[in-house]
Amino acid sequence: MEQAKFYSEIADGPSQGAAYWVQTDDNVRVRVGTYGSSKNRKGTILLFLGRFGYIERYGRVAKDFDKNGFSTVVIDWRSQGLSDRMADDPHTGHIHRFSDYQKDVAAMVKAAEELDLPKPWYLVGVSMGACIGLRAMLEGLPVAATALISPMFGIKMSPLQRIAAWPLSWAAQKIGKGHIYVPGESGEIYMLTTPFEKNNLTRNSDMYEYWVDQARTVPDLQIGGPSMAWLYQGLSECRSLSKMHSPDIPCITFCGELDELVDNRAIKDRMERWPNGTFEVIKNAKHDVLTEIPEIGGEVMNQIVEFFSGTEQVGNT
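Not measured: the values here are computed from a predicted model.

### Overview of the packing of aromatic side chains
Inspection of every chain in the model, using the stated rule, returns 11 aromatic pairs. Judged by centre distance (5.8 Å) and plane angle (70 degrees), the ring pair of Trp 77 and Tyr 101 falls under edge-to-face. Here Trp 77, found in the loop between strand 5 (70-76) and helix 3 (100-114), pairs with Tyr 101, found in helix 3; they are 24 residues apart in sequence, far enough to count as distant. Judged by relative accessible area, which is 0%, Trp 77 ranks as buried. On the basis of relative accessible area, Tyr 101 is assigned to the buried category, the value being 2%. Judged by centre distance (6.1 Å) and plane angle (45 degrees), the rings of Phe 307 and Phe 308 are tilted. Like Phe 308, Phe 307 is buried. Taken together, Phe 48, Trp 77, Phe 98 and Tyr 101 form an aromatic cluster joined through their ring pairs.

### What about the side chain of Lys 286?
Note that Lys 286 resides in the loop between strand 9 (278-282) and helix 10 (294-316). For the buried Lys 286, no salt bridge is present, and the opposite-charge side chain at shortest range is Glu 260, 6.3 Å distant. At 2.6 Å, the side chain of Lys 286 and the backbone oxygen of Asn 199 are in polar contact. In contact with Lys 286, not counting residues within four places along its chain, are Asn 199, Asn 200, Leu 201, Thr 202, Arg 203, Gly 256, Leu 258 and Glu 292.

Parameters and conventions
- Residues numbered from 1 in each chain as written.
- Predicted model: local features only at pLDDT ≥ 70, side-chain atom pairs only at ≥ 80, totals over all residues.
- Heavy atoms only, no water.
- Phe/Tyr/Trp six-rings, centres within 6.5 Å; stacked < 30°, edge-to-face > 60°.
- Helix = DSSP H or I, 4+ residues; strand = E, 2+ residues; numbered from the N terminus.
- Buried < 20%, exposed > 50% of the residue type's maximum accessible area, 1.4 Å probe, protein only.
- Lys, Arg positive; Asp, Glu negative; His and termini not counted.
- Salt bridge = Lys/Arg side-chain N within 4 Å of Asp/Glu carboxyl O.
- Polar contact = N/O pair within 3.5 Å; in protein donor to acceptor, adjacent residues only side chain to side chain.
- Contact = heavy atoms within 4.5 Å.

Set out below in structure tokens:
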């Protein structure tokens, strides 16, 4: 592994932070980052972020994990952050196949092993990252427990949008136009074009300004809207996973009552089929409940830490 650029000045994370370049099996260069000490730890959080995610974006969350005794490792998925982009237009949130994300997961796990990050490992999956994480757990991701934040087990759409989305996104891929933006989307950076009052991510103005500052300072970390291929592949993966059993891994899941991005009904259906899974809908919360206003985000963090600490104790008895 080679050292990669890490923007500690915008991350506002733990004092010990670093980033590395790693290669996937299909020769894509992705960036993996670590936060926090590796000594006297309760374990390591494998942090799978969503479609906008990049290492520095959750620096403050990693700081909270560090204060609670956990190291954190996080990845820039392909086409995100400083990892290789899959389309000629670098602002496009584009992939060829949803299964390609599992190659990124494999590279991340390999890096975590080489860095000898403390075990047990725990998965925290946010939105799209939770969808990727569910597939990874079903394929053997070695985690002791998982916490899922507004998991993308279904993409929220109106009935009319859903009827149109399937054939249009399928056709775009078939005719070689999978790289174009979903109708209504563009390469504009969400944080720089959406005022706080209209954002669909959080009611926490300090957190939103933190992300805005990151976007202004290092715009290369940002992406714009999703491609037609991403949409088709995402819909297909949600449908495929909905037919599969839940892994035998302790799970706690949170979603926001006001979420406009993922389908809370699909989350509820999944959690009803998760052995000993815990599910909570957070009132008056938007999509990213872990970065919501302090009384919400702080409580979610406390519950995750308590849940992981409890599963560690169970594993050691």
